[in-house]
Amino acid sequence: MDRQERSVISLHILALSRWLKNGGKVERPTPPELDAIIAAMDAMRSLANGWENYEQPIAILNYHVTHPTALLFRDPVTIKVVKIAIDALERKMTGRR
């Protein structure tokens, strides 16, 4: 992975981390957050293997990609999925499998 790709992934991680640290606002995902969601779904697909299943997180994130005006609620499931997305992006960036 080259430096530019790492930089882009870092920006995606930052966008999702900012959403997690948001003061509880429920709002539509911003364009950088949508880009990060798409990148996270791609990372999850590439990391999926026999014992690790990303099907549910991908489905939840895909809903927001296909419905970009849908609000990102701050419920426990969405928060967990965003944390999984961040982890997948970090794993992709560091090369962890």
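In this report, we go over the structure that sits alongside the text. Bear in mind the structure is a predicted one, so any value in this text is a computation, not a measurement.

Let us now look at the overall build of the protein chain. Helix and strand counts for the protein chain come out as four helices and zero strands. Along the protein chain, helices and strands appear, N-terminal first, in the series α-α-α-α. The C-alpha radius of gyration computed for the protein chain amounts to 13 Å, which stays within 12% of the reference 13 Å derived for 97 residues, consistent with globular compactness. A principal-axis box enclosing the C-alpha atoms of the protein chain has dimensions of 35 × 30 × 20 Å. Split by element, the accessible area of the protein chain, about 6,000 Å² in all, is 56% carbon and sulfur. Of the charged side chains in the protein chain, 14 are positive and 11 negative, and the gap between their average positions amounts to 4 Å.

Core analysis: the biggest nonpolar cluster contains 25 residues, and I13, L16, I37, M44, L61, A85 and L89 have the highest contact counts within it. Among the elements of the structure, α1 (3-21), α2 (31-47), α3 (55-66) and α4 (76-94) are those that each provide at least two residues to this core. Considering each element in turn, this core owes the most residues, nine residues, to α2. Beyond its immediate chain neighbours, meaning those up to four positions away, A85 contacts L16, A40, M44 and L61.

How each quantity is defined
Throughout this document, residue positions are counted from 1 along each chain, in the order its sequence is written. Note on the predicted model: pLDDT of at least 70 is required for a residue's local features to be given, and 80 or more for side-chain atom pairs to be given and counted; whole-chain, interface and lining totals, by contrast, use all residues. For side-chain calculations, the full set of non-hydrogen atoms in the structure is used, while hydrogens and water are omitted. Where helices and strands are cited, they refer to DSSP runs of H or I of at least four residues and of E of at least two residues respectively, numbered from the N terminus. Restricting the calculation to C-alpha atoms gives the radius of gyration, and the globule rule supplies 2.2 Å times the number of residues raised to the power 0.38. Only the protein chains shown count as covering a residue, and every accessible area follows the Shrake-Rupley method with a 1.4 Å probe. Under this rule, positive means Lys or Arg and negative means Asp or Glu; His and the chain ends count for nothing. In plain terms, the charge of a residue is placed at NZ if it is Lys, CZ if Arg, CG if Asp and CD if Glu. For the purposes of this section, nonpolar cores are sets of buried Ala, Val, Leu, Ile, Met, Phe, Trp, Tyr and Cys residues that join through side-chain atoms within 4.5 Å. Per-residue accessibility, obtained with a 1.4 Å probe over protein chains only, is compared with the maximum for each type, and a residue is labelled buried under 20%, exposed over 50%, and partly exposed between these values. Contacts are residue-level and defined by heavy atoms, with any inter-residue pair within 4.5 Å sufficient.

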